[in-house]
Amino acid sequence: MNKHIYEKIEQLRKEINNLNYRYYVLAESKVSDYEYDTLLNELIKYETEHPELVTPDSPTQRVGSDLTKTFNPIVHKVPMLSLSNTYSEEEIKAFDERVKSGLEGEEKIKYVVELKIDGVSSSIHYKNGLLHNAATRGDGKIGEEITNNIRTIRSIPLRVEETKSFEVRGEVFMSLKDFEKLNEERKANGEKIFANPRNSSAGTLKLQNPKEVAKRPLDIFTYYLLSDNLKIETQEENLEKLKQLGFKINPNYELCENIDEVINFCRKWEIKRDTLPYEIDGVVIKVNSISQQNRLGSIAKSPRWATSFKFKAKQVITQLKKVTWQVGRTGAITPVAELEPIVLAGSVISRATLHNADEIERKDIRENDFVKLEKGGDVIPKVVGVDFSKRSIDSVKLLIPTLCPNCKSELVKSENEVALYCVNKVCPAQIKGKLIHFASRGAMDIEGLGEAIINLFVDKGYLKSFADIYNLSKFEDELKSLEGFGEKSIDNLFDSIEKSKAQPFHKVLFAIGIRYIGAGVARKLTNAFNTIKKLKDATVEELEDVDEIGPSISRSLVQYFSEDENIMLIDELINKGLNFAEDISNSKNQNLNGLSFVVTGSLSNITRDEAKEKIISSGGKFVSSLSKKTDYLVAGENAGSKLEKAKTFGVKIISEEEFNNLLNNTI
Ligand code: IVH
């Protein structure tokens, strides 16, 4: 009987491995996700019944491991070197000259040119045909063990048809599409977004929970096979051998007969880089012959036989039409460049921050100038300089304002800060900014009280402070007769204002907009000090004892609570019924830790946003789109296509009641 089951398990593994290879390495989709999951679930079932038959190379073991407490150090027997950089044709030619003289005029030098994938390098060891361990580059000599995380990458084979030991090196990366999707989800969950795909790959590889890693779509291009046992004579053969063993290599490499062909390849890909679904930041140029590589050897940290050609940061030039000075909710005045719209790295840019007056002065930026825009290491476009050759002769220096563009009060610049501030406490622009923040989704979440309505209500004199929001009903008749507002919309607004009183303490603390208190910090503070009284009475030292609370935050809090008008405002808000104490019964509930949820259809007792908040505060993840990695679909009434999709993916579907039970730990 066991023999039969053993054979069945082996056959399932073979089938799944083959599908994995076709899908993740060759990018051929052979079967539907449903069929794939059915096979995997069948295998899981057999292995659960017969744990003695589980092997480390089983496809079920890609996500099966426990939390990694610490990352063990792994010594790289062959150091993982970095590459010298070149930035121009001249520098590439100089590299070629150095190679030639290093080989003492040897006749033929061929180069293999590969795309330089912008990810994180990793080293993976195989022994007796099985994936043995994997490590990060670390400092090049000692890396950190990340075997369980590397196993989750489905384009990496767990078993190979080669019993001799070898090491594979490659670049772990995330495709642009997957990176954007991950950031969207992080945004929806109130988590910090990753600046670029490289950071998101690095962050993911260092996660302590391989189950979390498995949910994030990492991929790899391998570029190097090291072995004392396998006879490989060139880099080209090296790549072919990797391919033959079932590894994924980047197909866009070329063998060049001379340095001019190398330069052409670099030029071609500098232009074509945007057509790829992943990011590259250059080209790696490698001497093809391994015996030549060995003769050239290495200096300090990089080999003499290879170099990288780095692309220039993507840059465009556009006209700066106007500089507007914006008043933030803290009173800080920020210059913003209004630009002639232009596409840069896939998105249309029409505005960019100029940070502060000093920055404008330093770069000598003027209106009507043609400015150079770059997207650097992060997603925010930067004005990096002016194209002075295009400046018109009648151009004049930009005037730095001395008065607030909104309330016309005198601006001040404090000693240690570069920003200009409007210190008028009743400046309408600041009041509007504060109210917009207060009512926003992440704060008091008052539906129907968006930017346009706040601006109008402040201009009409209905709103001056947070507390006024809770007195708006005094103006019921007037509001209902305002143009564009029906009875119903005002009634709805009153309803959502009333509902906002149930927002938890940490949301209220975030909403009142104390300097440096973001959503995450507010949560940390209310976990440590569960009432406003405790928070108000806390000393700088007590505040700094809290994880991640530093001097700026603690000083800002103490300053805030030392001002009478702030204390009066809090008292007023307490009187209106807002929460200034954390509901302790709920705060430690982490029932949904590590689980991901999609909510669909209408729920009867709570809104989608409330469900989202509950999921997040209980340690779960709120995800907007369904995938086979989603743990639960909470299906309300009239749940549409997501229901079918969940069935196909094999995602567990639960009702609102079951969701509540899960939250309250009663199932
Ligand atoms: S070869 C000594 N090939 O670039 C040989 N590296 O600055 C070094 N990289 O640490 C590696 N794509 O993270 C090589 N096709 C490729 C690469 C590549 C990306 C990264 C790798 C390395 C860094 C060197």
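Up top is the structure these notes are about.
Parameters at a glance
Residues numbered from 1 in each chain as written. Predicted model: local features only at pLDDT ≥ 70, side-chain atom pairs only at ≥ 80, totals over all residues. Heavy atoms only, no water. Phe/Tyr/Trp six-rings, centres within 6.5 Å; stacked < 30°, edge-to-face > 60°. Helix = DSSP H or I, 4+ residues; strand = E, 2+ residues; numbered from the N terminus. Buried < 20%, exposed > 50% of the residue type's maximum accessible area, 1.4 Å probe, protein only. Lys NZ or Arg CZ within 6 Å of the ring centre and 35° of its normal. Pairing = 2+ DSSP bridges. Near = heavy atom within 4 Å. Areas by Shrake-Rupley, 256 points an atom, 1.4 Å probe, with all protein chains shown as cover. Arc of directions from axis to C-beta. Contact = heavy atoms within 4.5 Å. Patch = residues over 30% accessible without salt bridge, like charges linked within 9 Å, V, L, I, M, F, W, Y side chains within 5 Å. Salt bridge = Lys/Arg side-chain N within 4 Å of Asp/Glu carboxyl O. Lys, Arg positive; Asp, Glu negative; His and termini not counted. Charge placed at Lys NZ, Arg CZ, Asp CG, Glu CD. Axes fitted to C-alpha atoms, helices over the stretch in contact; angles between N-to-C directions. Expected span 1.5 Å × (residues − 1). 1 Å grid on protein atoms, 1.4 Å probe; cavity = no way out; pocket = protein on both sides within 12 Å on 5 of 7 lines; lining within 4 Å. Points joined across faces, edges and corners; volume = space filled by probe spheres on them. Nonpolar A, V, L, I, M, F, W, Y, C, P; charged D, E, K, R; others polar.

Caption draft 1: Up close: the packing of aromatic side chains. Summed over the entire model, instances satisfying the criterion amount to 20 aromatic pairs. Measuring from centroid to centroid gives 6.2 Å for Phe166 and Phe247, while their planes differ by 85°, and the two rings are edge-to-face. Taken together, the positions of Phe166 in strand 7 (residues 166–173) and Phe247 in the loop between helix 8 (235–244) and strand 9 (254–256) put the pair 81 residues apart, joining distant regions of the chain. Summarising the aromatic geometry, the rings of Phe221 and Tyr278 are spaced 5.2 Å apart at their centres and angled 65° between planes, so their arrangement reads as edge-to-face. You can see Phe221 sitting in strand 8 (residues 219–226) and its partner Tyr278 sitting in the loop between helix 9 (259–272) and strand 10 (280–287), a full 57 residues away along the chain. Looking at Phe221, the relative accessible area reads 6%, which means it is buried. An aromatic cluster is defined as three or more aromatic residues linked by ring pairs; in this entry it consists of Phe457, Tyr462, Phe475 and Phe485. In this structure, Lys45 is placed above the aromatic ring of Tyr46, and the distance from its NZ or CZ to the ring centre is 5.1 Å.

Caption draft 2: Seen up close, the pairing of strand 15 (residues 332–344). Sheet topology note: the strand 14 (residues 315–327)/strand 15 ladder contains seven bridges and is antiparallel. Within the sheet, the bridge partner assigned to Val323 lies in strand 15 and is Ala337. Two strands pair when backbone bridges link them, and strand 15 and strand 20 (residues 420–422) are joined in this way by two bridges, in the antiparallel orientation. Along strand 20, the bridge assignment pairs Ala332 with Tyr421.

Caption draft 3: The site of the ligand, seen in detail. Around the ligand, the surrounding shell consists of Leu81, Leu83, Glu114, Leu115, Lys116, Ile117, Ser121, Glu171, Tyr223, Val284, Lys286 and Pro303. Calculation on the ligand without its partners gives an accessible area of 520 Å², and the protein chains cover 88% of this total. Looking at the shell around the ligand, the elements with two or more residues in it are strand 3 (111–117) and strand 10. The greatest single-element share of the shell around the ligand, amounting to four residues, is contributed by strand 3.

Caption draft 4: Structural context of helix 6 (residues 197–205). Within the sequence span of helix 6, burial applies to Pro197, Ser200, Ser201, Thr204 and Leu205. Looking down the long axis of helix 6, one finds its buried residues gathered within 130° of arc, a one-sided arrangement. In this structure, the buried residues of helix 6 make contact with strand 4 (120–127), helix 4 (147–151), strand 7, helix 5 (176–188) and helix 7 (210–215).

Caption draft 5: Broad picture of the pairing of strand 5 (residues 130–136). Counting buried residues in strand 5 gives five out of seven residues, a clear majority hidden from the surface. Looking at chain direction, strand 4 and strand 5 are connected through six bridges and run antiparallel. Within strand 5, the position partnered with Ile124 by the bridge is Ala134.

Caption draft 6: Structural view of a positive patch on the surface. A grouping of Lys177, Lys181, Lys629 and Lys645 is seen on the molecular surface, where their side chains present a positively charged patch. Tracing the chain through its elements places Lys629 in the loop between strand 22 (621–622) and strand 23 (632–635).

Caption draft 7: Region of interest: the sheet that holds strand 9. On the basis of which strands lie adjacent, the open sheet formed by five strands has the order 2-13-10-3-9 and mixed pairing. In the strand order of this sheet, the two ends are held by strand 2 (84–86) and strand 9, each with one partner. Strand-to-strand, the axes of this sheet are offset by a mean angle of 35°, without reference to chain direction. Helix-sheet contacts for helix 8 involve strand 3, strand 9 and strand 10, and the interaxial angle to strand 3 is about 55°.

Caption draft 8: Representation of the sheet that holds strand 5 in the model. In spatial order, the strands read 5-4-7-8; together these four strands make up an open sheet with antiparallel pairing. Of all the strands in the sheet, the pair left with one neighbour each is strand 5 and strand 8. The sheet shows a mean angle of 30° between the axes of neighbouring strands, taken without regard to direction. Those strands touched by helix 6 are strand 4 and strand 7, and its axis lies near 40° from that of strand 4.

Caption draft 9: Just helix 5, in detail. Taking 1.5 Å of rise per residue, the 13 residues of helix 5 would be expected to cover 18 Å, and the 18 Å separating its terminal C-alpha atoms lies within 8% of that figure. The inward-facing, buried residues of helix 5 abut helix 6 and strand 22.

Caption draft 10: Up close: the side chain of Ser201. Among the secondary structure elements, Ser201 is positioned in helix 6. Those residues in contact with Ser201 that lie beyond four places of it in its chain are Val120, Val172, Phe173, Met174 and Leu218.

Caption draft 11: Structural view of the environment of Lys629. Taking relative accessible area as the criterion, Lys629 reaches 32% and is therefore assigned partly exposed. The spacing of Lys629 and Glu212 is 417 residues in sequence and 9.8 Å in space, taken between C-alpha atoms.

Caption draft 12: Structural view of empty space enclosed by the protein. Inspection of the entire model under this criterion finds one cavity of 30 Å³ or more. One number sums up the size of the largest cavity: a volume of about 40 Å³. Looking at the largest cavity, the residues that line it are Arg329, Lys434, His437, Phe466, Ala511, Ile512 and Gly513. In terms of residue class, the lining of the largest cavity is made up of three nonpolar, two polar and two charged.

Caption draft 13: A look at the pattern of salt bridges. Using the criterion set out here, one finds 38 salt bridges in the structure. Here Lys8 and Glu42 are joined by a salt bridge, their closest N and O atoms 3.8 Å apart. Pair noted here: Lys8 is in helix 1 (residues 2–25) and Glu42 is in helix 2 (residues 33–49), with a separation of 34 residues, a long-range link. A relative accessible area of 22% means that Lys8 is categorised as partly exposed. Between Glu254 and Lys268 there is a salt bridge whose closest N-O contact spans 2.9 Å. You can see Glu254 sitting in strand 9 and its partner Lys268 sitting in helix 9, a full 14 residues away along the chain. Assessed through its relative accessible area of 33%, Lys268 is described here as partly exposed. Three or more residues are tied together by salt bridges with common partners; here these are Asp364, Arg366, Asp369, Arg391 and Lys397.

Read these as spatial facts, not as claims about activity.
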